[in-house]
Amino acid sequence: MNDMFKRIKVFGKKENRGSLYSMVSCSDLTPGSVEIWLDLPDEIKYDPLLAPFKQRYEQQHGKIEAVDVPNEGDKTIFDKKREKQDTEVKKDEASEVLKDASNKLLAPMHQDHDDTKLKSTKRKKIKNVLRIIKLCALVSSWVLLTVSLLLNTERSDVVLHTAVREEGKVYELPSSDATVKVLITLTGPFASTVSNGSVTTLRLWLHRAVELHPGVELEQSSVAWSIPLQSDDIIDFSPSSTETRTLKLADNSPIMHSKDKYSRNYTKDDLVIVHQVTRWGQIGKNGTVVTLRMSTTANNTVPITISYQMNPLDVEDGIIYATILLVALYMLIIFEIVNRTIAALLSSSLAVAVLALSGARPSLTEIVSWLDVETLLLLFSMMLLVAILAETGLFDYLAVLAFEVTGGRTWPLINCLCFFTAVFSTFLDNVTTVLLMTPVTIRLCEVTQLNPIPVLMSMVIFSNVGGAATPVGDPPNVIIATHPSIVKENINFTNFTLHMGVGILAVSVQTYLQLRYMFRDINTLRHSVPRDILELRQEIAVWRRAAASLSSYSRDEDIVRRALEKKVEKLNHALSRREAGGGTSKSDPMFCSTLASMKEKYRIRDKQLLVKSAICVSFVIIVFFLHAIPELQRLSLGWTALLGALLLLLLAERDDLEPILARVEWSTLLFFAALFVLMEALSKLGLISWIGAMTESVILGVGEESRLAVAIMLILWVSGIASAFVDNIPLSTMMVRVIAALANPAGLGLPLAPLAWALSFGACLGGNGTLIGASANVVCAGVAEQHGYRFTFLQFLKIGFPVMIGNLIVASIYLLICHCFLELH
């Protein structure tokens, strides 16, 4: 406590700048207030703030030579004897109390010890039981995967090439089941829309003939599938397109046509036989034949390619299985049952097992084709560049530079990091930006005693926000901007950036204000409260208690109390500045010494390697910028990053690649690969298509005058919420087809541009919702974990999901104003 009071004196002297003494004037003091001042503790009494009281006292009674603290020599013999007797009595009383207390406390202490030991044993048993249950569940999943792969061969689709004329074609299917389901994929000269005038079509349906007696047959047919064809004058050498549908012929399908060669009437026994045949499908015994029939109304021959799969999985069952797999993945990640990479591998493997059990087991080659090699190549190459660049000491130097520019203040540092991340993500891929900025942020947080986790979460959120502004900033925007219907609508790089940029500015302001409110307690950004802030809080508590001990009923006490309250107010202001990171300045000796030691410790270690790295990184960044020009898009982002990494490996002249390869986030790459497989499997099971179909059906259910507003809101919020829980790349691929169909003149005929903006806002900003919602989130988490800082799914969810909701609200207002009120489209 004495050290603290000494610091109060020093602090008071340091805060003295002339204005301190003007708080209390000597002329305002009364003799009574001086007497009250004299009774204050010496540590408060002699503070520079209360110097006018000391001056007034010295004017009346002379200079104060020493602090009036009674010493041992001032006491009489009787006082000392009485104090000794009191001390002995207190000791005797204390010994009796201790004896009684020991008897009372001994038994509960033993009891508490036994209870604690029992609880600890129970916790260990529960923990072991849960561990065994978790292990059994995971091993059971492995057994299910293994059995499904052993019992089911890889699917091999039957691919047929044929040409259909007006008289039609018949193909016999190998099926004897009572219910026949065939998943048919057609490739041919199909038209994208059905015009109002006459149009030629291709019709396909399933047909089953049951022979009851020689010469007597019953026929069943499924609902016909009609596909519009190109017109007769351009059907030759026209571009091909692919259509897919499942045809079904059930055992209770109606008898569409009957043949009786001998004009015989059917009896009751005949109908029973029909029921048995259609139920059990006895081909050899009863002559049941199932065929796929095709016909066309075109005058010319229609060349087509047919691929079919017998008995595919029901759409409803597929959606249920896909939902279960997705929920299982999130449960494993949220509750941290296993590592997130193992969780993704397990979920994707179970998805393959579900496909295998449904008769659609994909081959290993097909699974590899599901991987987004472009994204994986970009990540791997940029990780190599960053690993070599880190050896130069550049990230440490940039951290020191940022510390010097911002004066070591907390929020200016965070603002600087988030601003540059958002700007870089606008023109570079946000994954690349996060790879470059995460090491700098971690180093900067370490030297400023900040917790890197909330700072990294804020940075990656701004990365996703900034990446939504341009067609090259985020993968969903690349998919949207390169779709043929979008290109045909003349939505180019310039108008895409202008329209999205205005909305992203509004979203950025909202994101900053919301994050600033969520981290309004600056201590949440620190590992622990710094010592100087703790000491300052203790000073405030001492002065506040002294002020609270004085009442305002008398003028004398009120004068002293107001003087103490002014001191408390000044200390509170200093505390708020310290907590906000504004308590240091570039002229502060402590800041200068810290900066000097940082500059000495964190320097550029290899200048030659830094120059080589700068050349390679500059090449990558320049080509990334050139990628925005349509004529120069022949070199993809992945190839660009790989060429830059190869060049740096050559210039670095490293004989041993193990140290560099050890810094590559292999677990992150494996997580992405498993996630790509899982999302493609979910697409095969029909989940993503179901989301698009439900969105389209809701839009069709409203009036024409409200369809545009409803379509914008549905596209925005469905893609935003879905992107938080599934990868936004396959979702964007599916949803861009939905908006193209909604804008088709033969359908709803809605304007395409507002729907494209809504999809871009939703798919990009929805990635802020969860840890696996965007590629940048996963990369940032992987790099942070490599540096020893691990943030969980729930930690990111608490910050990212509310921010995502705010993002979508602001985007909704912006889109409604632009396209429903101003009609800028």
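Residues numbered from 1 in each chain as written. Predicted model: local features only at pLDDT ≥ 70, side-chain atom pairs only at ≥ 80, totals over all residues. Heavy atoms only, no water.

1. Quick look at the overall build of the chain
- Along its length, the chain carries 31 helices and 10 strands.
- Buried residues in the chain amount to 46% of all 825 residues.
- The contacts in the chain between residues at least 6 apart in sequence include a share of 82% that link residues at least 24 apart.
- Carbon and sulfur atoms make up 59% of the accessible area of the chain, which totals about 42,300 Å². (Helix = DSSP H or I, 4+ residues; strand = E, 2+ residues; numbered from the N terminus. Buried < 20%, exposed > 50% of the residue type's maximum accessible area, 1.4 Å probe, protein only. Contact = heavy atoms within 4.5 Å. Areas by Shrake-Rupley, 256 points an atom, 1.4 Å probe, with all protein chains shown as cover.)

2. Remarks on the environment of Lys-181
- Inspection of the secondary structure puts Lys-181 in strand E3 (residues 180-188).
- Sequence-distant contacts of Lys-181, defined by excluding residues within four places in its chain, comprise Leu-247, Lys-248, Gln-309, Met-310, Asn-311, Pro-312, Leu-313 and Asp-314.
- Side chain to side chain, Lys-181 and Asp-314 meet in a polar contact 2.2 Å long. (Polar contact = N/O pair within 3.5 Å; in protein donor to acceptor, adjacent residues only side chain to side chain.)

3. A word on the confidence of the model for the chain
- Confidence along the chain averages 77 in pLDDT terms, with 79% of residues attaining 70 or more.
- Scored below 50 in pLDDT, residues 1-22 makes 35 contacts in the model with residues more than four places away or belonging to other chains.
- Across residues 66-82 the pLDDT falls below 50, and counting only partners more than four positions away or on other chains, this stretch makes six contacts in the model. (pLDDT = per-residue confidence, 0-100.)

4. A few points about the sheet that holds strand E7 (residues 241-249)
- With antiparallel pairing, the four strands of this open sheet are ordered in space as E1-E10-E3-E7. Of all the strands in the sheet, just strand E1 (158-164) and E7 have a single pairing partner and so form its edges. Sheet twist, expressed as the mean angle between neighbouring strand axes with direction ignored, is 25°.
- Two elements, E3 and E7, share nine bridges in a ladder whose sense is antiparallel. Residue pairing across strands places Thr-187 opposite Thr-242, the latter belonging to E7. (Pairing = 2+ DSSP bridges. Axes fitted to C-alpha atoms, helices over the stretch in contact; angles between N-to-C directions.)

5. So, the packing of helix H12 (residues 394-406) against helix H14 (residues 430-447)
- Relative orientation of the contacting elements H12 and H14 amounts to 60°, with a least axis distance of 8 Å. Viewed along their axes, H12 and H14 adopt a mutual orientation that is oblique. At the point where H12 passes H14, the crossing takes the right-handed sense. On the side of H12, the interface is formed by Phe-395, Asp-396, Leu-398, Ala-399, Ala-402 and Phe-403, while H14 contributes Leu-436, Pro-439, Val-440, Arg-443 and Leu-444. (Parallel < 35°, antiparallel > 145°, perpendicular 65-115°, else oblique. Left-handed = near helix turned anticlockwise from the far one by under 90°.)

6. Overview of helix H18 (residues 493-518)
- Along its 26 residues, H18 runs 35 Å from first to last C-alpha, staying within 8% of the 38 Å computed at 1.5 Å per residue.
- In H18, a bend of some 30° at Gly-501 exceeds every other bend along the element.
- Regarding H18, the residues found buried are Phe-496, His-499, Met-500, Gly-501, Gly-503, Ile-504, Val-507, Ser-508, Gln-510, Thr-511 and Leu-515.
- For H18, the secondary structure elements touched by its buried residues are helix H13 (410-427), helix H15 (452-467), helix H16 (475-481), helix H29 (752-765) and helix H31 (793-821). (Expected span 1.5 Å × (residues − 1). Bend = angle between axes of the 7 residues up to and from the residue.)

7. A few points about a nonpolar patch on the surface
- On the surface, Leu-135, Val-139, Trp-142, Val-143, Val-147, Leu-150 and Leu-151 cluster together into a nonpolar patch covering about 730 Å² of accessible area.
- For Val-139, the position within the fold is in helix H5 (residues 77-151). (Patch = residues over 30% accessible without salt bridge, like charges linked within 9 Å, V, L, I, M, F, W, Y side chains within 5 Å. Salt bridge = Lys/Arg side-chain N within 4 Å of Asp/Glu carboxyl O.)

8. Section: the state of the cysteines
- For the structure shown, the criterion picks out zero disulfides.
- Cys-416 takes part in no disulfide bond, and the closest cysteine sulfur, belonging to Cys-418, lies 9.4 Å away. (Disulfide = S-S within 2.5 Å.)

9. A look at the pattern of salt bridges
- Following the criterion strictly, the structure yields five salt bridges and no others.
- Residue Glu-366 is joined to Lys-684 by a salt bridge in which the shortest nitrogen-to-oxygen separation is 3.9 Å. Separated by 318 residues along the polypeptide, Glu-366 in helix H10 (residues 364-370) and Lys-684 in helix H25 (residues 666-684) bring together distant segments of the chain.
- Arg-654 is the partner of Glu-391 in a salt bridge, and the nearest nitrogen-oxygen pair spans 2.6 Å. Placement of the pair is Glu-391 in the loop between helix H11 (373-390) and H12 and Arg-654 in the loop between helix H23 (637-652) and helix H24 (658-662), with a sequence separation of 263 residues.
- Exposure remark for Arg-654: the relative accessible area of 31% places this residue in the partly exposed category.
- In this structure, a network of salt bridges that share partners links the residues Arg-340, Glu-785 and Arg-790.

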